[in-house]
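The residues making up each chain are set out below.
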Amino acid sequence: MAIALTESAEPPAQAPEDLAPEISGRSPWALAGRRLRRNRIALAALVLFLLIVAASFAAPLYANDVAHVNPFVNNLNGTTVINGHRIPLLQQGGGVLKLGETPIGPTWDIGNYFLGADQNGRDVMARVLYGGRSSLEIGIGSAVICCVIATVLALIAGYFRGVIDAVLSRLMDVIWAFPVYLLAISIATALLTAPAGLSIGPLHLVASSLWLPTVIIAFIYLPYVYRPIRGNVLSVAEKEFVQAGIAQGASDLRLIFSDILPNVVSQVIVLLPLMIATTILTESALSFLSIGVQPPNASWGTIISDGQSLLYTRPWVSIAPGIMIVLTVLALNVFGDGVRDALDPRAKLRVEG
Amino acid sequence: MLTFIVRRSLWTVLVMFAITVLVFVIFFKIPGIDPARQIAGRNPSPQILTAIRHEFGLDRPFPVQYALMMKKMFISRDLMSYSTSTKVIPEIAAAAPATLSLVFGAALIWVVVAIAMGVAAAVLRGTILDPLLMIIALIGISMPVFWLGEVVNLVTQSRLHHSFLFSWVPPLGYTSFTQSPVGWFKGLFFPWITLSILYIGFYARVLRANLLEIQNEDYVRTARAKGLTERRVLLRHVLRTSMITFVSLFGLDFGVLVGGGALLTEVVFAIHGVGFLTYQSLTNLDLPVIMATVVYGAFFIVLANTLVDIAYAGLDPRVRPA
């Protein structure tokens, strides 16, 4: 899988050399924030992403108060009223072949099977919103977990070096050598077939839990965050101010978290939106293969998979969640590019040159 | 150079060993799972479970279990699928040509189109076409490939199938090249396009960024100062250097796709390749097949990475460690 991270393995933001008087005395963060605020396209992408998040988290509100449906319960004998006629949700002999049952298509009437029903008579619009909630929770959760763990490991490896570094880095090399989808498929099948779920110490994961795909996806992307950050930690740890800290007798913890971490954190922030975009795509693919989110939960990937059998008769069941994925991932990629340009001193070259 | 090849090959062997250990641990040693039950497929009888326990040596020590599994996979190659009662390894070998056909064709398309798009965007910098091309590339990166495949199917197989544009598109599935070259091409045309779109977007973006970065190098200025035409500077000096990054990325992605990354495309277009086999065994929970495809796929990828690294070191002496 191509991961859109290769271009960003660059040193963290440092004060540009041509400090104009108007920007002197401001922190690099304030400058980056200002650069980001001036980037209209990135801001628009952020707004779009936040709108999708808000809509997805308002799913229960939509289902209960607008559509008055329960999108997790089969509704095979349900009916709805369209143009004053009461019609069944599943119609006999619909579609091209006039065979079997076909759910009603989109009514384009908000609150009344806007996108139609699926083969179990469940409201597709409500399912897409609920599915977005799962997809976003897993995507954001796994990206954050992945970035935090990878950063901590990279700090430990890059600061202590020696044996710790060798062991951690070789371990990451092995995970990295493993193609992401195959690794995810192996772990997911092994865990999903385990009857009692997975227990590691106090942590207990059952197959239907959203935590399972979250943990799997966070694990498989660890090396993609670990590698660039460890390289950066290695070079920051060589800097004079760290040497000065050592000379003053600062503890390891203090050196790692007060001296080195602030200098690599901008790189993590650049990676985060791009990682979320990647993890959302991965989650949808795993769910499409039926090894991600498990019923009764739904995610965008599972809805696309459910809609496969209805593709030629009721295409909106599959198309709608796909459009949501594309919009979300596109917004994150555009915003991520904006964050990179804002935090990366070389971005100036890219914008003006 | 020879020491580099030797060291890199030793590392490859080590990584392959680590991968088999990791797969073994995932399928046999995760706490709370019973490997015999996993291998047996759905609803096994107690007799089968006992037979499996004996065959895989599950009552014996850890290293013996590992050795037995490796023997089944690589030496005797008689790993059985308990769901379909067939030998797994020959089945994978039979599925390989379909995957290779799909990936080769897609790779050809994505290399040609991505170079054209990346170069066009870099040359047209400052016009409206550059951001337009890059937005198209970004949309390509943001689409889930299985969804794109379904949309393509919807258009070519159903909605517009009766129009003159798509009436030539055969039903989903794979026709082998030896059986009918024309059918092979027709059946793979849209899968190729679908699979290549993500990579076109990704490579075009990387290439454009790389081209713009190299524009500022001293040797490019020298080339301009010599009085070379813009065209010659671009093709002979800038693009050639960019190709180093491009080729190494290409090797990695190509390896990943042949090793199982084309799975989603194969599933959507019902191309019975290695990825489709993995998918079928996922739905049947047929663990031996999944294990074998994962290990063989990963091996192929590691091997491809090694070849890329060696080729890269051959091209660029700076990479070779002293």
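Residues numbered from 1 in each chain as written. Chains lettered and ligands numbered in written order. Predicted model: local features only at pLDDT ≥ 70, side-chain atom pairs only at ≥ 80, totals over all residues.

Concerning the overall build of chain B
Okay, step 1: The helix and strand inventory of chain B stands at 13 helices and two strands.
Okay, step 2: Counting only contacts in chain B whose residues sit at least 6 apart along the sequence, the fraction spanning at least 24 positions is 68%. (Helix = DSSP H or I, 4+ residues; strand = E, 2+ residues; numbered from the N terminus. Contact = placed C-beta atoms within 7 Å.)

Re helix α6 (residues 129-142) of chain B
Okay, step 1: Across its 14 residues, α6 of chain B extends 20 Å between first and last C-alpha, which sits within 8% of the 20 Å expected from 1.5 Å per residue.
Okay, step 2: For α6 of chain B, the full list of buried residues reads Leu-133, Ala-137, Leu-138, Gly-140, Ile-141 and Ser-142 of chain B.
Okay, step 3: At its buried positions, α6 of chain B is contacted by α12 (316-343) of chain A together with α5 (88-123) and α8 (181-215) of chain B. (Expected span 1.5 Å × (residues − 1). Buried ≥ 20, exposed ≤ 12 C-beta atoms within 10 Å, placed from the backbone.)

Some details on the packing of α8 of chain B against helix α10 (residues 230-261) of chain B
Residues and elements named next belong to chain B.
Okay, step 1: Running from N to C, α8 and α10 point in directions that differ by 150 degrees, and their axes come no closer than 9 Å. Taken as axis vectors, α8 and α10 run roughly antiparallel relative to one another. Of the two elements, α8 crosses α10, and the hand of that crossing is right-handed. Across the interface between the two elements, Tyr-199, Tyr-203, Val-206, Leu-207, Asn-210, Leu-211, Ile-214 and Gln-215 from α8 touch Val-238, Thr-241, Ser-242, Thr-245, Phe-246, Leu-249 and Asp-253 from α10.
Okay, step 2: The class makeup of the residues in the contact of α8 with α10 is nine nonpolar, five polar and one charged. (Axes fitted to C-alpha atoms, helices over the stretch in contact; angles between N-to-C directions. Parallel < 35°, antiparallel > 145°, perpendicular 65-115°, else oblique. Left-handed = near helix turned anticlockwise from the far one by under 90°. Nonpolar A, V, L, I, M, F, W, Y, C, P; charged D, E, K, R; others polar.)

Considerations on the environment of Leu-212 of chain A
Okay, step 1: Counting through the fold element by element, Leu-212 of chain A comes out in helix α7 (residues 211-220).
Okay, step 2: Taking the C-alpha atoms as reference points, Leu-212 of chain A and Ile-138 of chain A, separated by 74 residues in sequence, lie 9.2 Å from one another.

Overview of the nonpolar core
Okay, step 1: Within the largest apolar cluster, 178 residues are counted, with the highest numbers of intra-cluster contacts made by Ala-184 and Val-225 of chain A.
Okay, step 2: Take this core: its biggest share by element is 16 residues, from helix α4 (residues 124-160) of chain A.
Okay, step 3: Taken domain by domain, this core gets at least three of its residues from each of domain 1 (2-87) and domain 2 (89-319) of chain B.
Okay, step 4: Excluding its chain neighbours within four sequence positions, the residues that come into contact with Val-225 of chain A are Cys-146, Cys-147, Ala-150, Leu-271 and Met-275 of chain A. (Core = buried A, V, L, I, M, F, W, Y, C linked by C-beta atoms within 7 Å. Domains from an automatic or database assignment.)

A short note on the domain arrangement of chain B
Residues and elements named next belong to chain B.
Okay, step 1: Assigned domains within chain B: domain 1 (2-87) and domain 2 (89-319).
Okay, step 2: For domain 1 versus domain 2, the distance between C-alpha centres works out to 32 Å.
Okay, step 3: With 23 residues of domain 1 in contact, the opposing surface of domain 2 contributes 21 residues.
Okay, step 4: At the level of secondary structure, the elements contributing two or more residues to the side of domain 1 that touches domain 2 comprise α1 (2-29), α2 (35-40), β1 (80-81) and β2 (86-87).

So, the pairing of strand β1 (residues 79-82) of chain A
All names here are of chain A.
Okay, step 1: Inspection of the sheet shows β1 paired to strand β2 (residues 85-88) by four bridges, in the antiparallel sense. Residue pairing in the sheet places Val-81 in a bridge with Arg-86 of β2.
Okay, step 2: Connecting the antiparallel pair β1 and β2 is a turn made up of two residues, with Asn-83 showing a positive phi of about 50 degrees. (Pairing = 2+ DSSP bridges.)

A look at the packing of α10 of chain B against helix α13 (residues 287-315) of chain B
Residue and element names in this part refer to chain B.
Okay, step 1: Packing of α10 against α13 brings their axes to within 7 Å, and their N-to-C directions diverge by 165 degrees. With respect to α13, the element α10 is oriented roughly antiparallel. For the pair α10 and α13, the crossing hand works out as right-handed. Across the interface between the two elements, Ile-244, Ser-248, Gly-251, Leu-252, Phe-254, Gly-255, Val-256, Val-258, Gly-259 and Gly-260 from α10 touch Thr-293, Gly-297, Ala-298, Phe-300, Ile-301, Ala-304, Asn-305, Leu-307, Val-308, Tyr-312 and Leu-315 from α13.
Okay, step 2: Partitioning the contact of α10 with α13 into residue classes produces 13 nonpolar, eight polar and no charged.

Considering the interface of chain A and chain B
Okay, step 1: Counting residues at the interface gives 45 residues for chain A, matched by 50 residues for chain B.
Okay, step 2: Within the residue set of the side of chain A that touches chain B, elements represented by two or more residues are α5 (162-177), α6 (180-193), β5 (198-200), α10 (252-288) and α12 of chain A.

Describing the environment of Ala-154 of chain A
Okay, step 1: Take Ala-154 of chain A: it is sitting in helix α4.
Okay, step 2: If near-sequence neighbours (up to four positions away) are discounted, Ala-154 of chain A is found in contact with Tyr-226, Ile-229, Arg-230 and Val-233 of chain A.

A look at unusual backbone geometry
Residue and element names in this part refer to chain A.
Okay, step 1: Cis peptide bonds are those with omega within 30 degrees of zero, and the linkage from Pro-295 to Pro-296 qualifies with 5 degrees.
Okay, step 2: One can find Pro-296 in the loop between α10 and α11 (300-306).
Okay, step 3: A positive phi is found at Arg-161, a non-glycine position, where the angle reads about 50 degrees.
Okay, step 4: Assignment of secondary structure puts Arg-161 in the loop between α4 and α5.
Okay, step 5: Overall, the presence of 13 C-beta atoms within 10 Å leaves Arg-161 in the partly exposed class.
Okay, step 6: Residue Ser-290 is not a glycine yet carries a positive backbone phi of 70 degrees.

So, helix α4 (residues 62-75) of chain B
Residues and elements named next belong to chain B.
Okay, step 1: When the terminal C-alpha atoms of α4 are compared, their 19 Å separation across 14 residues agrees well with the 20 Å that a helix rising 1.5 Å per residue should span.
Okay, step 2: Residues of α4 that are buried: Met-69, Lys-72 and Met-73. Looking straight down α4, one finds its buried side chains confined to an arc of 90 degrees; they lie on one side. Away from the buried face of α4 by more than 90 degrees, exposed residues Pro-63 and Ile-75 are located.
Okay, step 3: Packed against the buried residues of α4 are α1 and α13.
Okay, step 4: Phi for Arg-77, located one or two positions after α4, is positive at around 45 degrees. (Arc of directions from axis to C-beta.)

Structural notes on the environment of Ile-291 of chain A
Okay, step 1: As for its placement among the helices and strands, Ile-291 of chain A is situated in the loop between α10 and α11.
Okay, step 2: Residues Ile-291 of chain A and Ser-169 of chain A, 122 residues apart in the sequence, show an inter-C-alpha distance of 29 Å.
Okay, step 3: Residues within four places of Ile-291 of chain A in sequence aside, it is in contact with Ile-185, Ala-188, Thr-189, Leu-192 and Leu-286 of chain A together with Leu-282 of chain B.

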